[in-house]
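The primary structure of each chain is shown beneath.
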Amino acid sequence: MKELNTVYTDGRNPDFIKLCEMLDSDLDEIVGGHAQREQYVQYNQLDDIHDVIVIFVDDIPAACGAFKHYDEYSAEIKRVYVRPEYRGRGLAERLMSELEQKAALKGYSSLILETGEPLKAAMKLYLRLGFAVIENYGQYRDIPESICMAKSVKKA
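As the structure is a prediction and not an experimental result, all values here were calculated from the model.

Turning our eyes to something else, we now look at the pairing of strand β5 (residues 110-116). Extensive coverage of β5 is indicated by the burial of 6 of its 7 residues. In this structure, strand β4 (residues 74-82) lies alongside β5, joined through 3 bridges in parallel fashion. By the bridge assignment for β5, Glu76 is matched with Ile112. The parallel pair β4 and β5, bridged by helix α3 (residues 91-105), forms a crossover whose chirality is right-handed. Here β5 pairs with strand β7 (residues 146-152) via 7 bridges, running antiparallel. Looking at the pairing, Gly116 lines up with Ser146 of β7.

And the structure:
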């Protein structure tokens, strides 16, 4: 059995930054290039993300995710990624569960996120975890390619 370790950190963590670079590269490939995602880049800056989880498998950063304050009740899930060679091992579910628990401990009662139709695996995961499609919120309101989702969480 591989050793799993979870590290709680922030957006300045070098392992998180490297995983986010891999995520951006994967997203570029899925949607047909960086130009297709340019309108989203401004919403994915790491300097305002203070709640980050990185999961290590045998000391290798394998998965990451984060949330940031959206409003009094909601935390916005950001930068969820599992390296391709570690997919299918339950890391995404573990990551999302830990993000949800951490958000609940901070007093949030809901999680929100933005994804898109081309990200079929991500959408399938979020729906399986109890997220529901909602009306596009905030900066995604006028971006028809965006699909926004939400889930209630029990406060700790």
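A few words on the pattern of salt bridges. For the coordinates displayed, the defined rule picks out 11 salt bridges. Two residues, Asp51 and Lys106, come together in a salt bridge whose shortest N-O distance is 3.0 Å. Within this pair, whereas Asp51 is found in strand β2 (residues 51-57), its partner Lys106 is found in the loop between α3 and β5, the two being separated by 55 residues in sequence. Overall, the relative accessible area of 48% leaves Lys106 in the partly exposed class. Its salt-bridge partner being Arg83, residue Glu85 comes within 2.8 Å of it at the nearest N-O pair. Residue Arg83 is classed as buried on the basis of its relative accessible area, which comes to 16%.

A word on the environment of Leu105. As for its placement among the helices and strands, Leu105 is situated in helix α3. On the basis of relative accessible area, Leu105 is assigned to the exposed category, the value being 65%.

Further remarks concern the confidence of the model for the protein chain. On average, the protein chain scores 88 in pLDDT, and the residues at 70 or more come to 87%. Within the model, the stretch residues 33-37 combines pLDDT values under 50 with 8 contacts to residues more than four positions away or in other chains. In this model residues 39-44 is a low-confidence stretch, pLDDT under 50, and it forms 14 contacts with partners more than four residues away in sequence or in other chains.

About the cut-offs
Residues numbered from 1 in each chain as written. Predicted model: local features only at pLDDT ≥ 70, side-chain atom pairs only at ≥ 80, totals over all residues. Heavy atoms only, no water. Buried < 20%, exposed > 50% of the residue type's maximum accessible area, 1.4 Å probe, protein only. Helix = DSSP H or I, 4+ residues; strand = E, 2+ residues; numbered from the N terminus. Pairing = 2+ DSSP bridges. Right-handed = clockwise from strand over helix to strand, strands pointing away. Salt bridge = Lys/Arg side-chain N within 4 Å of Asp/Glu carboxyl O. pLDDT = per-residue confidence, 0-100. Contact = heavy atoms within 4.5 Å.

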